[in-house]
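Architecture at a glance
Residues per chain are reported as follows:
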Amino acid sequence: MIQAVESSAHASAPVLAAYSYCETVTGQQARNFAYGIRLLPAPKRRAMSALYAFSRRIDDIGDGELAADVKVARLEEARATLARIHEGAVEEDDTDPVAVALAHAARRFPIPLGGLDELIDGVQMDLRGETYETWDDLKVYCRCVAGAIGRLSLGVFGTEPGARGAERAPEYADTLGLALQLTNILRDVREDAEDGRTYLPADDLAKFGCSAGFSGPKPPEGSDFAGLVHFEVRRARALFAEGYRLLPMLDRRSGACVAAMAGIYRRLLDRIERDPEAVLRGRVSLPGREKAYVAVRGLSGLDTRHVTRRAVRRRA
């Protein structure tokens, strides 16, 4: 069982200011993530914002226009900051508000900060230009950049006392991260290709005649692009189904947060499935009203109850 260990002490003014900075970063840059964490009580929302702000910093290093050697140096600086947080060496008056907020969050919640080291490892894989022959190869990358975020988030959420099967909660959180990342990869296939990146497994691309890549708004000549997309959608749906087993283990608001974030990505997956070539024409997204509906659905507990009923039927 994973429980939050929140202190009753109030955060100091410098810490609250650091959290406020992280919440601003999250609100401005986390288009999908922000809809979920709005459903959390303030201490958990702040902690999740600190996690997001640090993760965003790492992602921005990898995606930015800096020279490769500068990116490597910046990632090592981020790793050094994490080491300082591990060691309890970040003071409240530190000049880095993200470090201040994350250090405070790590004292209040059992956050496995090593997951952020894994995220740095994943970005370094991008900098090396790694490609992936098989799904098993790609899973290693997805676990670094997304599965780790699921496990970090679980440290903030905690599991409910007495929750059945709670020892598997980190596994389900990791799997849900993989589902979100595979959805991201499908959504961004054209954008990534323009940046010289290919994430989909090479053996899947070959199977559907797509090894030539995606340099334009049309699939490669003679390929079965729709078949490729539907194949990956089925894989993502299986990951979502497994990862959703986490929901009944969480308290109501944490479960609502997870259901909202995952629900947005599942709806993206639905849109991609209906029109596979849309991902080659531009970025597929959901309108704000639909994201709001998913958040309300998560808060209502519909997804959690559905998962619980399905688990009961399996045991019957």
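Report follows, based on the coordinates. For clarity, every value in this text was computed on a predicted model and none was experimentally measured. (Residues numbered from 1 in each chain as written. Predicted model: local features only at pLDDT ≥ 70, side-chain atom pairs only at ≥ 80, totals over all residues. Heavy atoms only, no water.)

With that settled, consider the overall build of the protein. Along its length, the protein carries 15 helices and 0 strands. Taken over the C-alpha atoms alone, the protein extends approximately 65 × 55 × 35 Å along its principal axes. Relative to its 316 residues, the protein shows a buried fraction of 51%. Long-range pairs, those at least 24 residues apart, make up 75% of the contacts in the protein between residues at least 6 apart in sequence. Summing over all exposed atoms, the protein offers an accessible surface of approximately 14500 Å²; the carbon and sulfur share of this is 50%. Within the protein, one finds 45 positive and 45 negative side-chain charges whose respective centroids are separated by 10 Å. (Helix = DSSP H or I, 4+ residues; strand = E, 2+ residues; numbered from the N terminus. Buried < 20%, exposed > 50% of the residue type's maximum accessible area, 1.4 Å probe, protein only. Contact = heavy atoms within 4.5 Å. Areas by Shrake-Rupley, 256 points an atom, 1.4 Å probe, with all protein chains shown as cover. Lys, Arg positive; Asp, Glu negative; His and termini not counted. Charge placed at Lys NZ, Arg CZ, Asp CG, Glu CD.)

The final tally for this structure, using the stated rule, is 6 aromatic pairs. Aromatic side chains tyrosine 132 and tyrosine 141 sit 5.6 Å apart centroid to centroid with 35° between the ring planes, which places their arrangement in the tilted category. Each member of the pair, tyrosine 132 as well as tyrosine 141, carries the same accessibility label: buried. Across from the ring centre of tyrosine 244, 4.9 Å away, lies the NZ or CZ of arginine 266, which sits over that ring. (Phe/Tyr/Trp six-rings, centres within 6.5 Å; stacked < 30°, edge-to-face > 60°. Lys NZ or Arg CZ within 6 Å of the ring centre and 35° of its normal.)

So, about the pattern of salt bridges. Under the counting rule described, the total for this entry stands at 28 salt bridges. A salt bridge links glutamate 118 to arginine 151, with the shortest nitrogen-to-oxygen separation between them at 3.0 Å. Placement of the pair is glutamate 118 in helix H6 (residues 114-127) and arginine 151 in helix H7 (residues 135-157), with a sequence separation of 33 residues. Since its relative accessible area comes to 22%, arginine 151 is described here as partly exposed. Here the salt bridges share partners, and the residues they tie into one network are Glu76, Arg79, Asp117 and Asp121. (Salt bridge = Lys/Arg side-chain N within 4 Å of Asp/Glu carboxyl O.)

Take the side chain of serine 153 next. Structurally, serine 153 can be placed in helix H7. A distance of 2.8 Å separates the side chain of serine 153 from the backbone oxygen of isoleucine 149, its partner in a polar contact. Beyond its immediate sequence surroundings of up to four residues, serine 153 is in contact with Met48 and Leu51. (Polar contact = N/O pair within 3.5 Å; in protein donor to acceptor, adjacent residues only side chain to side chain.)

Let us look at the packing of helix H4 (residues 68-86) against H6. H6 packs onto H4 with a crossing angle of 175° between their chain directions and a minimal axis gap of 10 Å. Judged on the interaxial angle alone, H6 and H4 are roughly antiparallel. Along its contact with H4, which presents Lys71, Val72, Leu75, Glu76, Ala78, Arg79, Leu82 and His86, the element H6 presents Gly114, Leu116, Asp117, Ile120, Asp121, Val123, Gln124 and Leu127. The residue makeup of the contact of H4 with H6, split by class, is 8 nonpolar, 3 polar and 5 charged. (Axes fitted to C-alpha atoms, helices over the stretch in contact; angles between N-to-C directions. Parallel < 35°, antiparallel > 145°, perpendicular 65-115°, else oblique. Nonpolar A, V, L, I, M, F, W, Y, C, P; charged D, E, K, R; others polar.)

Another point: the state of the cysteines. Counted by the stated rule, this structure contains 0 disulfides. As a non-bridged cysteine, cysteine 257 has cysteine 22 as the owner of its nearest cysteine sulfur, 16 Å distant. (Disulfide = S-S within 2.5 Å.)

Structurally, tyrosine 293 can be placed in helix H14 (residues 288-300). Classification of tyrosine 293 as partly exposed rests on a relative accessible area of 44%. Considering only alpha carbons, one finds tyrosine 293 and glycine 263, 30 residues apart in sequence, at a separation of 9.8 Å.

Glancing now at the packing of helix H11 (residues 225-243) against helix H12 (residues 252-274). Closest axis-to-axis distance for the H11/H12 pair is 10 Å, and the angle between their directions is 160°. When the interaxial angle is binned, H11 and H12 end up roughly antiparallel. Once H11 is placed against H12, the crossing between them reads as left-handed. Between H11, through Val229, His230, Val233, Ala236, Arg237 and Phe240, and H12, the contact on the second element is made entirely by Ala262, Tyr265, Arg266, Leu269, Asp270, Ile272 and Glu273. In terms of residue class, the contact of H11 with H12 is built from 8 nonpolar, 1 polar and 4 charged. (Left-handed = near helix turned anticlockwise from the far one by under 90°.)

A rise of 1.5 Å per residue sets the reference length of H4, with its 19 residues, at 27 Å; its end C-alpha atoms lie 27 Å apart and thus fit the reference within 8%. All of the buried residues along H4 are Lys71, Leu75, Ala78, Thr81, Leu82 and Ile85. All buried residues of H4 project into a common sector of 110° when viewed along the axis, lining one side. Phi for glycine 88, located one or two positions after H4, is positive at around 70°. (Expected span 1.5 Å × (residues − 1). Arc of directions from axis to C-beta.)

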